[in-house]
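# Remarks on the overall topology
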Amino acid sequence: MKKEIIERECAGLLEFLESPFTLDSLAGNDAVKAWLREDAQLLRRGALHALPMGYLIAGRIGTGKTFLVQCWTGELGIPCVVLKNFRDRWVGATEANLERIFEVLRALGQVVVFVDEADQATGKRDGGAQDGGLSGRVYSMLAKEMSETRNRGRIMWVFATSRPDLVEVDLKRQGRLDVHIPLFPPETASEARALLLAIAKKMRLPVGEADLPELPQHVLLGPSELEGALVRAMRVHELSAEPRPPLRDTIARVLADVRPSAAGKRLEYMDMVAVKECTDARFLPARFRDMTPEEIEARLAELRPFV
């Protein structure tokens, strides 16, 4: 009843995120899962002073940023709300919507606020004259609310974006989004295999360890791409005439036919931006940990023309 009253009061500005998943549903990312579970433990113990104000989750499209938040929500034990489109065409209405959202969040006591596609939703310090300064006002209101230290451990902000470089620096600084978590496609065939099994379990597909073929070492497909390949393999399997070939052979054939994304350079740019934003080396794959800031910037400069 409380959930329905709040959603009705906010008139579509907030939506509760209820998840059947936990971090056990997430393949790989062991360092990330350990960190988030430690923060959940601190939250349950009431050690709010030891919690970050917020999190920035970065990574190329299709790496499971939203799913990570869903899995964490399933373990936290406090409400999680998704910030919906609060912008309005009427003068002053957007600011009123945002203030109403803040009032509800404060009233909830403890809540996680998830902002997806944060680079599009959070406004700019200098929004320009095209929107009458609205973008700048949205940015200012969010920045003020996110830095309110009395909200530490009570209102926890989670931003997700594939382009964290487009989020204003002040919004993602320490004291607002303290922990920056990068996500990447699986680096090895064993990681891709574990991810395929996790996806099959999530989708309740009849795929087990014995049904997965050996994957080539050069496979670099993200969760969304592997999920698409797995669904195609099940489609081929279901349409096959009896007696059907082993599911293992069908999956191997489909994976062999998968073509890499045509936007490869753009996706690599998103990877490198996520590396640049990362706040803890433990979150990074081994090949990125020893890169210097200068090497990261040089690679970004090479990739920028493709973005």
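See the structure printed just above.
What comes next is a walk through the structure. (Residues numbered from 1 in each chain as written. Predicted model: local features only at pLDDT ≥ 70, side-chain atom pairs only at ≥ 80, totals over all residues. Heavy atoms only, no water.)

## A short note on the overall build of the protein
Summing up its helical and strand segments, the protein has 12 helices and 6 strands in all. Against the 2.2 N^0.38 benchmark of 19 Å for 307 residues, the protein shows a C-alpha radius of gyration of 21 Å, consistent with a compact globule. When the backbone C-alpha atoms are referred to their principal axes, the protein occupies close to 65 × 50 × 40 Å. Buried positions account for 48% of the 307 residues belonging to the protein. (Helix = DSSP H or I, 4+ residues; strand = E, 2+ residues; numbered from the N terminus. Rg over C-alpha atoms; globule rule 2.2 N^0.38 Å. Buried < 20%, exposed > 50% of the residue type's maximum accessible area, 1.4 Å probe, protein only.)

## Section: the packing of helix H2 (residues 30-45) against helix H3 (residues 65-76)
Two numbers describe how H2 lies on H3: the axes approach to 10 Å, and their chain directions differ by 35°. Remark: the crossing between H2 and H3 carries right-handed chirality. Residues Val32, Leu36, Arg37, Asp39, Ala40, Leu43 and Arg44 of H2 form the contact with H3, whose own contacting residues are Leu68, Trp72, Glu75 and Leu76. Taken together, the residues that form the contact of H2 with H3 break down as 7 nonpolar, no polar and 4 charged. (Axes fitted to C-alpha atoms, helices over the stretch in contact; angles between N-to-C directions. Left-handed = near helix turned anticlockwise from the far one by under 90°. Contact = heavy atoms within 4.5 Å. Nonpolar A, V, L, I, M, F, W, Y, C, P; charged D, E, K, R; others polar.)

## Side note on the nonpolar core
Core analysis: the largest hydrophobic core is formed by 45 residues, its most contacted members being Leu36, Tyr55, Leu68, Trp72, Val158 and Ile181. If we skip the residues at most four places from it in the chain, Leu68 touches Leu23, Leu26, Val32, Leu36, Ile57 and Leu183. Grouped together as the second largest cluster of nonpolar side chains are 32 residues, Cys10, Leu56, Ile101 and Tyr139 included. (Core = buried A, V, L, I, M, F, W, Y, C linked by side-chain atoms within 4.5 Å.)

## Looking at the packing of helix H4 (residues 93-108) against helix H6 (residues 134-146)
Viewed as axis vectors pointing N to C, H4 and H6 meet at an angle of 15°, and their least axial separation amounts to 10 Å. Judged by the angle between their axes, H4 and H6 are roughly parallel. Where H4 crosses over H6, the handedness of that crossing is right-handed. Residues Thr94, Glu95, Leu98, Glu99, Phe102 and Arg106 of H4 form the contact with H6, whose own contacting residues are Leu134, Arg137, Val138, Met141, Leu142 and Glu145. Broken down by class, the residue content of the contact of H4 with H6 amounts to 6 nonpolar, 1 polar and 5 charged. (Parallel < 35°, antiparallel > 145°, perpendicular 65-115°, else oblique.)

## Observations regarding the pairing of strand S6 (residues 179-183)
With respect to burial, S6 is a largely interior element, 5 of its 5 residues being buried. On S6, burial covers both faces: Val179, Ile181 and Leu183 on one face and His180 and Pro182 on the other are all buried. Here strand S2 (residues 54-59) runs beside S6; their pairing, made up of 5 bridges, is parallel. Counterpart to Gly59 in the pairing with S6 is Leu183. (Pairing = 2+ DSSP bridges.)

## Some remarks on helix H8 (residues 223-239)
The end-to-end C-alpha distance of H8, which contains 17 residues, comes to 24 Å, matching closely the 24 Å that a straight helix rising 1.5 Å per residue would cover. What H8 keeps buried is the set Pro223, Leu226, Ala229, Leu230, Ala233, Met234 and His237. Considered in projection along H8, the buried side chains sweep an arc of 140° and stay on one side of the axis. Exposed residues lying more than 90 degrees from the buried face of H8 are Arg235 and Leu239. Turning to H8, the residues buried within the fold contact helix H7 (189-202) and helix H9 (247-257). (Expected span 1.5 Å × (residues − 1). Arc of directions from axis to C-beta.)

## Points about helix H12 (residues 293-303)
Turning to H12, its buried residues number three or more, namely Ile296, Leu300 and Leu303. Considered in projection along H12, the buried side chains sweep an arc of 65° and stay on one side of the axis. For H12, the secondary structure elements touched by its buried residues are helix H10 (264-277).

## Details of the sheet that holds strand S5 (residues 155-161)
Pairing between the strands of a sheet is mediated by backbone hydrogen bonds and can be parallel or antiparallel. Pairing in this open sheet of 6 strands is mixed, and the strands run S1-S3-S4-S5-S2-S6 from one edge to the other. Both edges of this open sheet fall to strand S1 (14-16) and S6, since each of them pairs with a single strand only. Strand-to-strand, the axes of this sheet are offset by a mean angle of 25°, without reference to chain direction.

## Description of the pattern of salt bridges
Evaluated as defined, the whole model comprises 19 salt bridges. Salt-bridge contacts for Arg299 lead to Glu302; the nearest nitrogen and oxygen are separated by 2.6 Å. Taken as a pair, Arg299 and Glu302 lie in helix H12 at a separation of 3 residues, close to a single helical turn. Its relative accessible area of 22% is what places Arg299 among the partly exposed residues. When its relative accessible area of 47% is taken as the criterion, Glu302 is described as partly exposed. Salt bridges sharing partners connect three or more residues here, namely Asp24, Arg37 and Glu75. (Salt bridge = Lys/Arg side-chain N within 4 Å of Asp/Glu carboxyl O.)

## A closer look at the packing of aromatic side chains
Here the structure, examined in full by the defined rule, presents 5 aromatic pairs. Where Tyr55 meets Trp72, the ring centres are 5.1 Å apart and the plane angle is 75°; that geometry is what we call edge-to-face. Residue Tyr55 is found in strand S2, and its partner Trp72 is found in helix H3; the two are separated by 17 residues along the sequence. Across the pair, Trp72 and Tyr55 agree in class, each one buried. For the ring pair Phe102 and Trp157, a centre distance of 6.4 Å and an interplane angle of 80° mean the geometry is edge-to-face. Note that Phe102 is positioned in helix H4 and Trp157 in strand S5, a separation of 55 residues in sequence. (Phe/Tyr/Trp six-rings, centres within 6.5 Å; stacked < 30°, edge-to-face > 60°.)

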